Amino acid sequence: TVFHLGESHCLSYGNKKIKIQGTDHTVIPKITFGGKAYHFSTEKENAFKAITKANFQSLPDASKVFLSFGEIDCRPNEGFISAASKLNRTIEDLVSDTTRGYVGWFAEQNHSKNHSLFFLNVPAPNNNENYTIEVNEKVSSTIQLFNSLLQKTVSDYGFNIIDVYKFTVGRDRFSNN
């Protein structure tokens, strides 16, 4: 078994078969509805941390665990893009602080569990016809930034990354469907 903790995207992997280092595994999702990477980067306790911590701690020691948070953070109306203007901060600073806090929080939770952690990055976005070209470009560049900083942070901690972006991106930096 490989457990998949994340927001609603983790459900799409539920009960799928996957090979990890030549061994077959079944993916078992453990959802945190509405969970953002941001929620794990804050100092304060919150419901998202509490639910995810309970799920994480309930897993058998030394489990394989997929983690997928960050997609909601990269949306134009509820993540880094809107927060940057509200907080008068750069998206780069927000993404950097969030990725460090997000991965660091899971590293802290993992001290006593010794799980093998696999962070999934954010897939390429759809080019949404309801948004302007500028907004779509901002979403695309925010996802690229998040994925880049997540890759570096995950590597710094010695965890694993699963690059779903490379399988979903087309030549135009949007979803290849």
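Below is a short write-up of the structure. (Residues numbered from 1 in each chain as written. Predicted model: local features only at pLDDT ≥ 70, side-chain atom pairs only at ≥ 80, totals over all residues. Heavy atoms only, no water.)

### Points about the sheet that holds strand 6 (residues 160-162)
Right, on to step 1. Taken together, the six strands give an open sheet; going across it, the order is 2-3-1-4-5-6, and neighbouring strands pair in mixed fashion. Sheet topology places strand 2 (17-20) and strand 6 at the edges, where each strand pairs with a single neighbour. Across the sheet, the mean angle separating the axes of adjacent strands is 35 degrees when strand polarity is ignored.
Right, on to step 2. In this structure, strand 1 (residues 2-6) lies alongside strand 3 (residues 23-31), joined through five bridges in parallel fashion. The residue of strand 3 that forms the bridge with His 4 is Pro 29. (Pairing = 2+ DSSP bridges. Helix = DSSP H or I, 4+ residues; strand = E, 2+ residues; numbered from the N terminus. Axes fitted to C-alpha atoms, helices over the stretch in contact; angles between N-to-C directions.)

### A short note on the layout of surface pockets
Right, on to step 1. Considered as a void within the structure, the largest pocket measures approximately 470 Å³ in volume.
Right, on to step 2. Looking at the lining of the largest pocket, the element that brings in the most residues is helix 5 (residues 133-157), giving three residues.
Right, on to step 3. Of the pockets and cavities examined, the second largest pocket occupies roughly 250 Å³.
Right, on to step 4. Around the second largest pocket, the lining comprises 14 residues; the ones closest to its centre are Tyr 38, Ala 83, Leu 87, Leu 94 and Thr 98.
Right, on to step 5. Contributions of two or more residues to the lining of the second largest pocket are made by helix 1 (37-41), helix 3 (80-87) and helix 4 (91-109).
Right, on to step 6. Its residues assigned to classes, the lining of the second largest pocket comprises five nonpolar, four polar and five charged. (1 Å grid on protein atoms, 1.4 Å probe; cavity = no way out; pocket = protein on both sides within 12 Å on 5 of 7 lines; lining within 4 Å. Points joined across faces, edges and corners; volume = space filled by probe spheres on them. Nonpolar A, V, L, I, M, F, W, Y, C, P; charged D, E, K, R; others polar.)

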